[in-house]
Amino acid sequence: MGRYYRLSKKLTVGQAEEIANKIGQIENVESVAVTREGSFLEVEVKNGNFSEVMGKAVNICSRSGAGAELSFAGFNDKISQ
């Protein structure tokens, strides 16, 4: 199952690529993508282990996204607008 996280600010293409690459290297991550013009992060993990993965993802987004923060937005294609 995947989850969407809203980014506190829009990312540049370079920031989005760097964040996706770094999060994709975290153990148990199945897929990661920055969507909606750099406003959302979509993450799928193995075994539903979101807490461990997202703890690391928060730090990656802050560093590589110049202070970008994450907040839960919804499951799969059901993003809270």
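Please refer to the structure placed before this passage.
As a starting point, this report considers the structure included with it. Counting from 1, residues in each chain are numbered in the order their sequence is written. The predicted nature of this model means local features are confined to residues of pLDDT at least 70 and side-chain atom pairs, given and counted, to a pLDDT of 80 or more, with totals for whole chains, interfaces and linings taken over all residues. Each side-chain value is derived from all of the structure's non-hydrogen atoms; neither hydrogens nor water enter the calculation.

### Points about unusual backbone geometry
Even without glycine at this site, Asn 28 takes up a positive phi of about 80 degrees. Positive phi values are uncommon outside glycine, yet Ala 66 reaches one of about 50 degrees. Relative to the assigned elements, Ala 66 resides in the loop between α2 (50-64) and β4 (70-75). Secondary structure counts use DSSP, requiring at least four H or I residues in a row for a helix and at least two E residues in a row for a strand, with both numbered from the N terminus.

### Points about the environment of Thr 35
Take Thr 35: it is sitting in strand β2 (residues 29-35). Separated by 20 residues in sequence, Thr 35 and Gln 15 place their C-alpha atoms 12 Å apart. Once residues lying within four places of it in the same chain are set aside, the contact partners of Thr 35 are Tyr 4, Phe 40 and Glu 42. The criterion used for residue contact is that any of the two residues' heavy atoms lie within 4.5 Å.

### Notes on the pattern of salt bridges
The term salt bridge refers to a pairing of a side-chain nitrogen on Lys or Arg with a carboxyl oxygen on Asp or Glu at a separation within 4 Å. The tally for this structure, following the rule as stated, stands at 2 salt bridges. A salt bridge links Lys 10 to Glu 37; its shortest N-O distance comes to 3.6 Å. Highlighted residues: Lys 10 in the loop between β1 (2-7) and α1 (13-24) and Glu 37 in the loop between β2 and β3 (40-45), separated in sequence by 27 residues. Neither Lys 10 nor Glu 37 differs from the other in exposure class; each is exposed. We note a salt bridge from Lys 22 to Glu 18, for which the minimum N-O separation is 2.9 Å. With Lys 22 and Glu 18 both in helix α1 and 4 residues apart, the pair spans about one turn of that helix. Each residue gets one of three labels from its accessible area relative to the maximum for its type: buried under 20%, exposed over 50%, partly exposed in between, using a 1.4 Å probe on protein chains only. The partly exposed category is assigned to Glu 18, whose relative accessible area is 34%.

### Brief notes about α2
Multiplying 1.5 Å by the helix residue count minus one yields the expected span of that helix. The terminal C-alpha atoms of α2, which comprises 15 residues, lie 20 Å apart, in line with the 21 Å expected from a rise of 1.5 Å per residue. On its buried face, α2 is in contact with β1, α1, β2, β3 and β4.

### Here's the deal with the nonpolar core
Within the largest apolar cluster, 20 residues are counted, with the highest numbers of intra-cluster contacts made by Ile 19, Ile 23, Val 32, Leu 41, Val 43, Val 53 and Met 54. Excluding anything up to four places from it in sequence, Ile 19 contacts Leu 11, Leu 41, Ile 60, Cys 61, Ser 64 and Gly 65. Remark: nonpolar core denotes a set of buried residues (Ala, Val, Leu, Ile, Met, Phe, Trp, Tyr, Cys) joined through side-chain atoms within 4.5 Å.

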